[in-house]
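The lines below spell out each chain.
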Amino acid sequence: MASAGAAAREALIVNADGYDEVAARPKPSVEAAWDLPGGSLVELVDEWVECKYEALRGFIKAKNLPGVETRVPGNNVEVRDSYKGNAETCMRRHAEQDASK
């Protein structure tokens, strides 16, 4: 959900390969998936970017990658944590926030 005071954002779902449906998963897994019809509108709850750093692969929240929306896969982008006092940001194995740990 959008945070209090923030306007809800929507995204148009389109399969880049031309198929009528798009596979949607709560996290990378073949066990939990839904096929959404192409052209569906979904609410953006959070934005994650799949990243590589040296031998590591994972996901970083888009808000910590300034300008990422103008980049294409394969480009490098600066990592800057959204909290000004932090010198590092977290890259996660899955695109999910788990504040319980």
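Higher on the page you've got the structure.
Rules used in this analysis
- Every chain is numbered independently, its residues counted from 1 as its sequence is written.
- In keeping with the predicted nature of the model, local features appear solely for residues at pLDDT of at least 70, side-chain atom pairs appear and are counted solely at 80 or more, and the whole-chain, interface and lining totals rest on all residues.
- The side-chain quantities take in all heavy atoms of the structure and omit both hydrogens and water.
- What counts as a helix is a DSSP run of H or I of at least four residues, what counts as a strand is a run of E of at least two, and both are numbered from the N terminus.
- What qualifies as a polar contact is a pair of N or O atoms within 3.5 Å, subject to a donor-acceptor requirement within protein and to the restriction that residues adjacent in sequence count only when both atoms come from side chains.
- Note on definitions: a residue-residue contact is assigned when non-hydrogen atoms from the two residues lie within 4.5 Å.
- By definition here, a salt bridge exists when the distance from a side-chain nitrogen of Lys or Arg to a carboxyl oxygen of Asp or Glu is within 4 Å.
- Accessibility here uses a 1.4 Å probe with only protein chains present; expressed as a share of the type maximum, an area under 20% marks a residue as buried, one over 50% as exposed, and anything in between as partly exposed.
- Here the rule is simple: two strands pair whenever DSSP picks up at least two bridges between them.

Asker: In this structure, what is going on with the side chain of Asp81? I would like to understand it.
Answerer: By secondary structure assignment, the location of Asp81 is in the segment after β6 (56-61). At 3.0 Å, the side chain of Asp81 forms a polar contact with the side chain of Asn86. At a separation of 2.7 Å, a polar atom in the side chain of Asp81 contacts the side chain of Thr89. Contact partners of Asp81, with chain neighbours within four places excluded, come to Asn64, Asn86, Glu88 and Thr89.

Asker: How should unusual backbone geometry be read in this particular structure?
Answerer: Excluding glycine, residues mostly carry a negative phi; peptide bonds, for their part, are mostly trans. Of note, Glu54 is a non-glycine position whose phi angle comes to about 55 degrees, a positive value. In this structure, Glu54 sits in the loop between β5 (48-53) and β6.

Asker: Where do I start with the pattern of salt bridges in this structure?
Answerer: As a working rule, side chains carrying opposite charge can pair if their charged atoms are close by. Tallied over the entire structure, the rule returns 3 salt bridges. Glu50 is the partner of Arg57 in a salt bridge, and the nearest nitrogen-oxygen pair spans 3.4 Å. Of the two residues, Arg57 and Glu50, neither departs from the other in class, the shared state being exposed.

Asker: Can you walk me through the environment of Asp46 in this structure?
Answerer: Residue placement: Asp46 occurs in the loop between β4 (41-43) and β5. Once the C-alpha coordinates of Asp46 and Glu96 are considered, the two residues, 50 residues apart in sequence, prove to be 8.9 Å apart. Here Lys61 takes part through its side chain, which lies 3.1 Å from a polar atom of the side chain of Asp46.

Asker: Before we go on, may I ask you to explain the side chain of Asn64 in this structure?
Answerer: Examined against the element boundaries, Asn64 turns out to sit in the segment after β6. At 2.7 Å, the side chain of Asn64 and the backbone nitrogen of Ser82 are in polar contact. With near-sequence residues (within four places) excluded, Asn64 lies in contact with Glu78, Val79, Arg80, Asp81, Ser82 and Thr89.

Asker: What should I look at first to understand the pairing of β5 in this one?
Answerer: If a strand is regular, its side chains alternate between the two faces of the sheet. Bridge count for β5 against β6 is 6 bridges, and the pairing is antiparallel. From the neighbouring strand, Val49 faces β6, where its bridge partner is Ile60. The hairpin turn running from β5 into β6, its antiparallel successor, is 2 residues long, and Glu54 in that turn takes a positive phi close to 55 degrees.

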